[in-house]
Amino acid sequence: SLRRIIAHEIGHSLDVPEDTQTRLQGHASWIKELYCDLIALKGYSEIEGLNPREREPEIALAMTLASGRLDYQIYNNSGKDHTRQEYFRARAIILKYLLDGGNVRIETNRLGEGFLNWDDPRTVFDDISNLLIAVENIMRQGQFKEAEAFLNHYFNPRIYDQIERAEFEGNGTSKNFLDNS
């Protein structure tokens, strides 16, 4: 969705501390991209006047997660030094955080294909707001070690594989695939 992309780019012009690069060093790029993705999603979820039956904020979320899948393919095909790794890291962190929170889950269709699903978009966007607070704290006053610990906890470079190899018990109930393998 074009609004999500525009909101993400606007996020880059918000008040990012001048010392972010110095404090976070190699983590500054993915933190900034994650921050901008989260700002865009949070803002999208709060646009007044959108018809609640219209699922535009949910579509923006789905597009962000789908973009992460494309970034994942680029990341794996081009190596970890590829220039888009900060986008992949940001979106993989969003996905893992949402899966960890339990409001987004991996399901399978009748053909056995894995996909992401959620019941109540408000709870998903609440999770996004909570993640934004944590990321903004790191970006504004965090140090390298805090960014490193955050990355180690929330970044799973194989997170998108879990959708492809979804295994389920019974009628559509999902298992937790949040291992780091």
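Our subject is the structure that appears above.
Keep in mind that this is a model prediction, so the values were computed, not measured.

**So, the pattern of salt bridges**
Stage number 1. With the rule as written, the count across this model stands at nine salt bridges.
Stage number 2. The salt bridge partner of R105 is D119, with a shortest N-O separation of 2.8 Å. Remark: D119 occurs in the loop between β2 (114-117) and α6 (121-141) and R105 occurs in strand β1 (residues 105-108); sequence separation between them is 14 residues.
Stage number 3. When its relative accessible area of 19% is taken as the criterion, R105 is described as buried.
Stage number 4. Its salt-bridge partner being R158, residue D161 comes within 2.5 Å of it at the nearest N-O pair.
Stage number 5. On the basis of relative accessible area, D161 is assigned to the buried category, the value being 12%.
Stage number 6. The class of R158 is partly exposed, set by a relative accessible area of 33%.
Stage number 7. One network of salt bridges, with partners in common, ties together D37, D71 and R91.

**Details of the pairing of β2**
Stage number 1. As paired strands, β1 and β2 are joined by four bridges and run antiparallel to one another. From the neighbouring strand, R105 faces β2, where its bridge partner is N117.
Stage number 2. Linkage of β1 to β2, two consecutive antiparallel strands, is achieved through a turn of five residues, within which G112 is found at a positive phi near 85°.

**A word on the nonpolar core**
Stage number 1. Formed by 43 residues in total, the largest nonpolar core has its most connected members in L34, L61, F150 and Y160.
Stage number 2. Counting only elements with at least two residues in this core, the list comes to α3 (28-45), α4 (56-78), α5 (85-101), α6 and α7 (144-154).
Stage number 3. Not counting residues up to four positions away in its chain, the partners in contact with L61 are L41, L98, W118, V124, F125 and I128.

**Considerations on α7**
Stage number 1. If you check which residues of α7 are buried, you get A147, F150, L151 and Y154. Viewed along the axis of α7, the buried residues span an arc of 100°, placing them on a single side of the element. Structural note: α7 exposes K145 and N152 on the side pointing more than 90 degrees away from its buried face.
Stage number 2. Buried positions along α7 lie against α2 (20-24), α3, α5 and α6.

**Focus: the packing of aromatic side chains**
Stage number 1. Within this structure, the stated rule accounts for four aromatic pairs.
Stage number 2. Where F88 meets F155, the ring centres are 5.6 Å apart and the plane angle is 75°; that geometry is what we call edge-to-face. Taken together, the positions of F88 in helix α5 and F155 in the loop between α7 and α8 (161-164) put the pair 67 residues apart, joining distant regions of the chain. Each member of the pair, F88 as well as F155, is classed as buried.
Stage number 3. Aromatic side chains Y97 and Y154 sit 5.3 Å apart centroid to centroid with 55° between the ring planes, which places their arrangement in the tilted category. Residue Y97 is found in helix α5, and its partner Y154 is found in helix α7; the two are separated by 57 residues along the sequence.
Stage number 4. Of the residues examined, Y97 reaches a relative accessible area of 18% and is grouped as buried.
Stage number 5. The buried category is assigned to Y154, whose relative accessible area is 18%.
Stage number 6. By the ring-pair criterion, three or more aromatic residues cluster together here, those being W30, Y97, F150 and Y154.

Criteria and cut-off values
Once a new chain begins, its residue numbering starts again from 1 and follows that chain's sequence as written. In keeping with the predicted nature of the model, local features appear solely for residues at pLDDT of at least 70, side-chain atom pairs appear and are counted solely at 80 or more, and the whole-chain, interface and lining totals rest on all residues. As a rule here, side-chain values come from all non-hydrogen atoms in the structure, and water together with hydrogens is ignored. For this analysis, a salt bridge means a side-chain nitrogen from Lys or Arg found within 4 Å of a carboxyl oxygen belonging to Asp or Glu. The way it works is that DSSP assigns letters per residue, a run of H or I at least four long becomes a helix, a run of E at least two long becomes a strand, and they are numbered from the N terminus. Throughout this description, buried means an accessible area under 20% of the type-specific maximum (1.4 Å probe, protein chains only), exposed means over 50%, and partly exposed covers the range between. Here, any two strands with at least 2 DSSP bridges between them count as paired. Among the buried residues, those of types Ala, Val, Leu, Ile, Met, Phe, Trp, Tyr and Cys that are joined through side-chain atoms within 4.5 Å form a nonpolar core. By the convention used here, residues are in contact when the closest approach between their heavy atoms is within 4.5 Å. Read the arc as the range of directions from the helix axis to the C-beta atoms. Side-chain rings of Phe, Tyr and Trp (the six-membered ring for Trp) are treated as a pair once their centres are within 6.5 Å; stacked means planes under 30 degrees apart, edge-to-face means over 60, and tilted covers the remaining angles.

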